[in-house]
Amino acid sequence: MAKDPKFTAGEVAKIAWLTARMAKRGIASQTVHLGDLERKVDRIIDGAREREAQQAADAAEAEKAARKARAKNLKTK
């Protein structure tokens, strides 16, 4: 399984809420379907992974721009 990303406070709260709803349904019946709530949790996790990937790409792009600016400043001196 892929490594879980770092979650924001909102994502943690949503996952906790959905987990509580799953537990409540589980108490009501052992044969109840939880697939809809599990899909929602999976979507939150996928969104967090995408957010982390985008942040990493943005940080890499910013670092590249900073190196380029430093190189340009060295050439002009």
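Residues numbered from 1 in each chain as written. Predicted model: local features only at pLDDT ≥ 70, side-chain atom pairs only at ≥ 80, totals over all residues. Heavy atoms only, no water.

With that out of the way, let us pick up helix 2 (residues 35–76). Residues spaced three or four apart along an α-helix point in a common direction, a consequence of the helix completing one turn every 3.6 residues. Between its terminal C-alpha atoms helix 2 stretches 61 Å, which fits the 62 Å expected from 42 residues at 1.5 Å a residue. Within helix 2 the residues assigned to the buried category are Gly35, Leu37, Val41, Ile44, Ile45 and Ala48. Looking at the buried side of helix 2, the elements it contacts are helix 1 (9–28). (Helix = DSSP H or I, 4+ residues; strand = E, 2+ residues; numbered from the N terminus. Expected span 1.5 Å × (residues − 1). Buried < 20%, exposed > 50% of the residue type's maximum accessible area, 1.4 Å probe, protein only. Contact = heavy atoms within 4.5 Å.)

Right, let's talk about the nonpolar core for a bit. Core analysis: the largest hydrophobic core is formed by seven residues, namely Ile15, Leu18, Met22, Leu37, Val41, Ile44 and Ile45. Counting only elements with at least two residues in this core, the list comes to helix 1 and helix 2. It is helix 2 that contributes the most residues to this core, four residues altogether. Apart from the residues within four sequence positions on either side, Leu37 is in contact with Leu18, Arg21, Met22 and Arg25. (Core = buried A, V, L, I, M, F, W, Y, C linked by side-chain atoms within 4.5 Å.)

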